[in-house]
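# Architecture at a glance
Next come the chains, spelled out residue by residue.
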Amino acid sequence: MPSLPWRDIDTVLLDMDGTLLDLHYDNHFWMEHLPKRYAELHGVSRAMAELELQPLFERNAGQLQWYCLDFWSAELKLPVRELKLETAHLIALRPDADTFLAAIKQAGKRVVLITNAHRDSLSLKLERVELAPYFERLISSHDYGFAKENPQFWDALRADIDFDPRRSLFIDDTLPILRSARDFGVAHLLAVSQPDSRKEPKDTAEFMAVGDYQELIEGL
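Residues numbered from 1 in each chain as written. Predicted model: local features only at pLDDT ≥ 70, side-chain atom pairs only at ≥ 80, totals over all residues. Heavy atoms only, no water.

- Going by what an unreviewed UniProt entry lists, the protein is known as Haloacid dehalogenase and is assigned to Pseudomonas frederiksbergensis.

Written as C-alpha cells, this is what we have:
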C-alpha cells in the first residue's frame, strides 16, 4: 500500500467508475446487458449482437464518444439511458470509498470529481449513491469536449479550477488516463488494483495501486 505525502497534497482529483464506484455495474451493462437487449430489440441472436457491437466498441474506445449516451443511442438505435436504468440496482460504492472521501474533506483537502461519464450517467449514479456532498466540483469530460485521455482535457481542467498539478493527487482505474495526467505534470498518481469486485485484481503497470481506502488515509 502506497504511503502518501499528504502535507504535499492540496487537491485530490478522483475518478468515479472503478475508483469510487464498483466497475461491475458498467462492465455488466456494456458486456452483458446491452448485447442482450440489442439482440432482443433488433431481432438478432446474441452471438450476432456481439459480432456487430465489438468493432464499434473497439473503434470508439478511449474517445469522448465512447462515454456519450447520446452517441450510443443514435449509433445502436437503442434507448441507452432507459436501458441503463434496468441494471441500476448494481450501482454501488467500492468498500470504504465514503470513509476516504469524508476523511480527506475533513482534512481540508480540495476534492474534485473528474469523470469521463456522460452527465446522464453521472446523474443516474448520484441518485443512487451519495457522493456529491464530498466534492467542491463534479466535472464531466463532456463539459470540456475532451476525454481525460486527451492532453487538452487537462489544460481545460486547470483553466477551470486553477489547481497546481505538482501539489495534486489523482486516482483513476485507467492506465492511459493516468499516463495523460502524468504527462501533464500531476505529481501524485495512484491506480486502482481491483476496480471490478467480480474480477481479479489487475496489473497496474508502472503505477502504485490502492486496494484499501482505509489504509490510504493513514497520515492525514
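## A closer look at the overall build of the protein
- The secondary structure content of the protein amounts to nine helices and six strands.
- Its C-alpha atoms give the protein a radius of gyration of 18 Å, within 12% of the compact-globule value 17 Å for 220 residues.
- Principal-axis analysis of the C-alpha atoms places the extent of the protein at approximately 60 × 30 × 30 Å.
- Among the 220 residues that make up the protein, the fraction classed as buried is 49%.
- Summarising the internal contacts of the protein: among those between residues at least 6 apart in sequence, 67% fall at separations of at least 24.
- When the accessible surface of the protein is split by element, carbon and sulfur atoms take 48% of a total near 10200 Å².
- Treating the 25 positive side-chain charges of the protein as one cloud and the 37 negative ones as another, the clouds have centres 2 Å apart. (Helix = DSSP H or I, 4+ residues; strand = E, 2+ residues; numbered from the N terminus. Rg over C-alpha atoms; globule rule 2.2 N^0.38 Å. Buried < 20%, exposed > 50% of the residue type's maximum accessible area, 1.4 Å probe, protein only. Contact = heavy atoms within 4.5 Å. Areas by Shrake-Rupley, 256 points an atom, 1.4 Å probe, with all protein chains shown as cover. Lys, Arg positive; Asp, Glu negative; His and termini not counted. Charge placed at Lys NZ, Arg CZ, Asp CG, Glu CD.)

## Examining helix 3 (residues 69–76)
- For helix 3, the full list of buried residues reads Leu69, Trp72, Ser73 and Leu76. Projected onto a plane normal to the axis of helix 3, the buried residues spread over an arc of 105° and lie on a single side.
- Each element contacted by the buried residues of helix 3 is listed here: helix 1 (24–42), helix 2 (46–60), helix 4 (80–85) and helix 6 (119–128).
- One or two positions beyond helix 3, positive phi appears at lysine 77, with a value near 55°. (Arc of directions from axis to C-beta.)

## Section: the side chain of threonine 115
- Mapping threonine 115 onto the fold places it in strand 2 (residues 110–115).
- The exposure class of threonine 115 is buried, given its relative accessible area of 1%.
- Of the polar contacts made by the side chain of threonine 115, one reaches the backbone nitrogen of alanine 117; its length is 2.9 Å. (Polar contact = N/O pair within 3.5 Å; in protein donor to acceptor, adjacent residues only side chain to side chain.)

## Comments concerning the packing of aromatic side chains
- Summed over all chains, the structure comprises 14 aromatic pairs.
- Ring centres of phenylalanine 71 and tryptophan 72 lie 4.9 Å apart, and the angle between their planes is 80°; on these two criteria the pair is classed as edge-to-face.
- Between phenylalanine 100 and tyrosine 213, the ring centres sit 4.9 Å apart and the planes meet at 20°, which makes this aromatic pair stacked. Here tyrosine 213 lies in helix 9 (residues 213–216) and phenylalanine 100 lies in helix 5 (residues 97–106), a separation of 113 residues in the sequence. With respect to class, phenylalanine 100 is no different from tyrosine 213; both count as buried.
- An aromatic cluster of at least three residues, connected via ring pairs, comprises Phe29, Trp30, Phe57, Trp66, Phe71 and Trp72.
- Directly above the aromatic system of phenylalanine 29 lies the positively charged group of lysine 84, at a separation of 5.1 Å from the ring centroid. (Phe/Tyr/Trp six-rings, centres within 6.5 Å; stacked < 30°, edge-to-face > 60°. Lys NZ or Arg CZ within 6 Å of the ring centre and 35° of its normal.)

## Considerations on the pairing of strand 3 (residues 137–140)
- Pairing analysis gives four bridges linking strand 2 to strand 3, with the strands arranged parallel. The residue of strand 3 that forms the bridge with valine 112 is arginine 137.
- Note that the unit made of strand 2, helix 6 and strand 3 has a crossover that is right-handed. (Pairing = 2+ DSSP bridges. Right-handed = clockwise from strand over helix to strand, strands pointing away.)

## Some remarks on the sheet that holds strand 4 (residues 168–171)
- With respect to topology, six strands assemble into an open sheet ordered 3-2-1-4-5-6, the strand pairing being parallel. A strand with exactly one partner marks an edge of an open sheet, and here the two such strands are strand 3 and strand 6 (209–210).
- Two strands pair when backbone bridges link them, and strand 1 (residues 11–14) and strand 2 are joined in this way by four bridges, in the parallel orientation. Within strand 2, the residue paired with valine 12 across the bridge is valine 111.
- Where helix 5 meets the sheet, its contacts fall on strand 1, strand 2 and strand 4, and the angle it forms with strand 1 comes to roughly 155°.
- Relative to strand 5 (residues 188–192), helix 8 (residues 175–184) is tilted by about 180°, and along the sheet it contacts strand 4 and strand 5. (Axes fitted to C-alpha atoms, helices over the stretch in contact; angles between N-to-C directions.)

## Looking at the domain arrangement of the protein
- As assigned here, the protein comprises domain 1 (11–22 + 92–217) and domain 2 (25–89).
- For domain 1 versus domain 2, the distance between C-alpha centres works out to 24 Å.
- Between domain 1 and domain 2, the contact holds 18 residues from the first and 14 residues from the second.
- Here domain 1 is connected to domain 2 by two salt bridges.
- Between the two partners, domain 1 and domain 2, sit eight residue pairs in polar contact (both at pLDDT 80 or more).
- Grouping the constituent residues of the side of domain 1 that touches domain 2 by class yields four nonpolar, six polar and eight charged. (Domains from an automatic or database assignment. Salt bridge = Lys/Arg side-chain N within 4 Å of Asp/Glu carboxyl O. Nonpolar A, V, L, I, M, F, W, Y, C, P; charged D, E, K, R; others polar.)

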